[in-house]
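# Overview (structure and organization)
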Amino acid sequence: MRIAVITPSLGSVNIEWAFRFATIASNTNAQLFMFTSKHFRIDEARNRAVLEALKLNPTHVLFWDGDVIPFTYGPNQEPVLNPKVIEIMLNWRYPVVSAYYYTSKLLPNTFIYDEKEDTYKPYEIPYERAIEFVDAVGLGFCLVDARIFRMIEPPWFEYKCEYEKTENGLKITEVSEDITFCDKLRKLGFKVMVLRRIFCKHIHNAYIVGKDKFELVRTR
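Read on for a plain summary of the structure. (Residues numbered from 1 in each chain as written. Predicted model: local features only at pLDDT ≥ 70, side-chain atom pairs only at ≥ 80, totals over all residues. Heavy atoms only, no water.)

Time to look at the overall build of the protein chain. A tally of regular secondary structure across the protein chain gives 5 helices and 16 strands. Scaling as 2.2 N^0.38, a compact globule of 220 residues should have a C-alpha radius of gyration of about 17 Å, and the protein chain matches this with 18 Å. Structurally, the protein chain occupies a C-alpha span of about 60 × 50 × 40 Å along its principal axes. Taking all 220 residues of the protein chain together, 43% fall into the buried category. (Helix = DSSP H or I, 4+ residues; strand = E, 2+ residues; numbered from the N terminus. Rg over C-alpha atoms; globule rule 2.2 N^0.38 Å. Buried < 20%, exposed > 50% of the residue type's maximum accessible area, 1.4 Å probe, protein only.)

This is the structure:
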């Protein structure tokens, strides 16, 4: 197994993330090759990194964002660092396997396609459902069979913004690069397997504004 780990980066990562990465990487039997891209557009950062990664002919591509730390659950449902978390994902031998986490908008990273409205809607997965199949995910920690990228013409990732004039002014619709990639997968007949017991902590900075009060610092 040869895994290309892709981490879009703005130049630095949290020190805890770095230690966790080192622990997990050293406990993974597969060969790991890391790729980063500092392109100012997140979709192009992913595209350029995948292009470079494919030159090494990997078996898998692991998207692992620099603000996401994966855990598994302990006996009391507490998150525990599991150095074999990548091995767990590999063992399922499924084309696209994702962990579960919450986005910066405090929404689950899992989405179901609504055919009537032609849109993707957030989908909460309860802890009791260990495995679920969805139509799209945020790619914070997601393992993809590299053959997928041979089946789809690049660019694989496109961040889309559409402006529509309405009676109340401009309506802006945004679709992230994660979703457009998964939309291409869905049209090929692929679902995404979500392992609910692999839960990621999502790192965010915050302003302390009072006792037990904080405000999130917008990073995007």
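Next comes the rest of the write-up.
Considering only enclosed or pocket space, the second largest pocket measures out at about 160 Å³ in volume. In terms of lining, the second largest pocket is formed by M1, P58, T59, H60, L90, R93, Y94, P95, D145, A146 and R147. For the lining of the second largest pocket, the class distribution of residues is 6 nonpolar, 2 polar and 3 charged. (1 Å grid on protein atoms, 1.4 Å probe; cavity = no way out; pocket = protein on both sides within 12 Å on 5 of 7 lines; lining within 4 Å. Points joined across faces, edges and corners; volume = space filled by probe spheres on them. Nonpolar A, V, L, I, M, F, W, Y, C, P; charged D, E, K, R; others polar.)

Looking now at the pairing of strand β7 (residues 110–114). Counting buried positions over the 5 residues of β7 gives 4, a clear majority of the element. Two successive antiparallel strands, β7 and strand β8 (residues 119–122), enclose a turn made up of 4 residues, where D118 displays a positive phi of approximately 50°. (Pairing = 2+ DSSP bridges.)

Next up on the list: the sheet that holds strand β10 (residues 136–137). Taken in spatial order, the 3 strands line up as β8-β7-β10 in an open sheet, and their pairing is antiparallel. For this open sheet the edge positions go to β8 and β10, each flanked by a neighbour on one side alone. Strand direction decides the pairing type here: β7 and β8, joined by 4 bridges, are antiparallel. Note on β8: the bridge partner recorded for D114 is T119.

The subject of this paragraph is the packing of aromatic side chains. A complete count under the given rule lists 15 aromatic pairs for this structure. These aromatic residues form a ring-pair network of at least three members: F63, F149, W156, F157 and F181. A cation over a ring is seen here: R186 above Y113, with NZ or CZ 3.7 Å from the ring centre. The ring of F71 is capped by K201, whose NZ or CZ atom sits 4.8 Å from the centre of that ring. (Phe/Tyr/Trp six-rings, centres within 6.5 Å; stacked < 30°, edge-to-face > 60°. Lys NZ or Arg CZ within 6 Å of the ring centre and 35° of its normal.)

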